[in-house]
Amino acid sequence: MKIAQLAVYNTNLGDNIAIKGVRDAFEERFSHCSWEDVNLPEFHGIGNNPQKSIEKFKEIEAKNDVLVVGGCGLIEGNSASKHDTKWKLPFNDEVLSSLEIPIIVCGIGYNQFRGQKPLTKQGISSLDALIRKSKLFSVRNDGTYEALHSILDDSINNVLETADAGLIFNESDIHLRKSKLEHTYLNFVWNANPDIRTGRGMGKKNVKKLIDLGTRSTGVIHHTVKGFSAWTSRSPGNSSSKLFPGRAVQTSLGQLLLLKTERNGVTYGPCEFETPFSRTAEQVNSHYGADVDLVLAMHGHSQLISVGKNVPMLSISTQDKNLNFCKKYSFEEYCADLIEDPEPFKKLDDMIERIKTDKTYLEKWYNTRDECVKHSKEIFNSFYDKVYKVL
């Protein structure tokens, strides 16, 4: 089967694991899969122009049997509303009516930054058209289904919920339970747009607290170039140059950038490879490895990867998707939201102390995690079994 997969490649470690997880699910069910990477930014380069997008999709149709969309958070208004389709994806009625290739949408998410413009009516109409055109349409289990329920009409009946592939790991990649948590890693998030940072509760005061938290941690894990460069080349929100101790993980344009703390200072160790996407799972397993006892997660996928790999995780929530995942799977008492909580860093410090010293609290995290992963695997396999039947 020849499959074209539309997604965002090589810019976010979390997106890469979600994309690869979709492929793994297909390859478990179909023999002889071949894949074409269709990188969404190429469509953004033409403003999601319908006529130009149709030309691109016609070329894709000629070479492939099916078009897969996802993973990643691809339902987005915000600045994506400037595109001709009025949302992040290059689909509207005009584009979709020209396509004959079967479309399967796999576990995409609704990224609505706080304080930013939501999907417009035109954007919702384009989303609705994609739902109706797709053979199967699924969203990830981070509250996206509930969010879409509030903006869609009867097309919501065609929306399925599946697990984000970032939650799904082989047993050999899953950590054993630990009774003592010694090494804490901060997963740091950054946006260049100051309005988005404000909506995330990341004003200068809170950024300074995050910096302090990271410098007190064993290391820092980054998922994006923005986060890595903000942390390592300058103090976020400050023009002065400064290096922070810690570990930074980043896949981008063929490189994994690794920053390790050593006793007498900070050393850089770039670990280069030619095809980062194909090595995504390996890198995730390496950098959410055996020495990582506790993750303070800011990225949505850092939450998911930690839970999937059985690494205790405390959420520093700055987006609804982070908070909604915690609510959905009963992690509320392991979550501090920078906007919703009146004293989030006090709550976070209390959670860190408690999960390291209170065995009952830690055991409850593990039990909550097990229930979350059990349900996630059920809905993940259920969806891809449906894909098999449809195709």
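Chemist: Run through unusual backbone geometry, naming residues and quoting values.
Modeler: Note the cis peptide between G70 and G71, where omega equals -5°. Its place among the elements puts G71 in the loop between β3 (66-69) and α4 (93-97). The backbone of N48 sits at a positive phi, close to 55°, despite the residue not being glycine. Positive phi, normally seen in glycine, also occurs at C72, with a value near 85°. Within the secondary structure layout, C72 lies in the loop between β3 and α4.

Chemist: Requested: an account of the packing of helix α11 (residues 300-308) against helix α14 (residues 359-390), with residues and values cited.
Modeler: Each pair of packed helices can be summarised by the angle the axes make with each other and by the distance between the axes. In contact at an axis separation of 9 Å, α11 and α14 are set at 100° when each is read in the N-to-C sense. For the element pair α11 / α14, the angle class is roughly perpendicular. Residues S306, V307 and G308 of α11 form the contact with α14, whose own contacting residues are W365, R369, C372 and V373. Here the residues of the contact of α11 with α14 are counted per class, giving four nonpolar, two polar and one charged.

Chemist: Tell me about empty space enclosed by the protein, and please be specific about residues and values.
Modeler: Empty space left among the atoms is revealed by rolling a probe the size of a water molecule over them. Under the definition given, this model contains three cavities of 30 Å³ or more. What the largest cavity holds in volume is close to 70 Å³. Lining the largest cavity, in full, are R140, D142, G300, H301, Q303, L304, K321, N322 and F325. Listing elements by their share of the lining of the largest cavity, those giving two or more residues are α11 and α12 (320-328). The element that contributes the greatest number of residues to the lining of the largest cavity is α11, accounting for four residues. Of the residues in the lining of the largest cavity, the class split is two nonpolar, four polar and three charged. The volume enclosed by the second largest cavity comes to roughly 50 Å³. Taken together, A18, V22, G71, C106, G107, A163, D164, A165, F380 and Y384 make up the full set of residues lining the second largest cavity. Counting only elements with at least two residues in the lining of the second largest cavity, the list comes to α1 (13-29), β4 (103-108) and α14. Residues belonging to the lining of the second largest cavity are distributed by class as follows: seven nonpolar, two polar and one charged.

Chemist: I'd like to hear about the layout of surface pockets, residue by residue, with values.
Modeler: Taken as a whole, the largest pocket holds about 920 Å³ of empty space. In terms of lining residues, the largest pocket is bounded by 35 residues, among which E76, K88, N111, F113 and K226 are the most central. Counting residues per element, the ones that place at least two in the lining of the largest pocket are α2 (40-44), α9 (225-233) and α11. In the lining of the largest pocket, the residues fall into eleven nonpolar, 16 polar and eight charged. Space inside the second largest pocket adds up to approximately 350 Å³. Lining the second largest pocket are 16 residues; nearest its centre among them are D24, E28, I168, F169 and N170. Only α1, α10 (280-287) and α14 provide two or more residues apiece to the lining of the second largest pocket. Here the lining of the second largest pocket gets six residues from one element, more than from any other, and that element is α1. Its residues placed into classes, the lining of the second largest pocket shows seven nonpolar, four polar and five charged.

Thresholds, definitions, all that
The numbering scheme is per chain: residues are counted from 1 as the chain's sequence reads. For this predicted model, a pLDDT threshold of at least 70 governs which residues receive local features, and a threshold of 80 or more governs which side-chain atom pairs are given and counted, while totals over whole chains, interfaces and linings are taken from all residues. Based on all heavy atoms of the structure, the side-chain values leave hydrogens and waters out of the count. The way it works is that DSSP assigns letters per residue, a run of H or I at least four long becomes a helix, a run of E at least two long becomes a strand, and they are numbered from the N terminus. Every axis in this analysis is a line fitted to C-alpha atoms, fitted for helices over the stretch in contact. Angles between the N-to-C directions lie between 0 and 180 degrees. An angle counts as roughly parallel when it lies under 35 degrees, as roughly antiparallel when it exceeds 145, as roughly perpendicular when it falls between 65 and 115, and as oblique in every other case. Throughout, a contact is declared for two residues whenever any of their heavy atoms are within 4.5 Å. Side-chain classes follow a simple rule in which Ala, Val, Leu, Ile, Met, Phe, Trp, Tyr, Cys and Pro form the nonpolar group, Asp, Glu, Lys and Arg form the charged group, and the remainder, Gly included, forms the polar group. Using a 1 Å grid laid over the protein atoms alone, points where a 1.4 Å probe fits but cannot get out form a cavity; open sets with protein on both sides within 12 Å along at least 5 of 7 lines form a pocket; any residue with an atom within 4 Å of a point counts as lining. Grid points are joined across faces, edges and corners, and a volume is the space filled by probe spheres set on the points.

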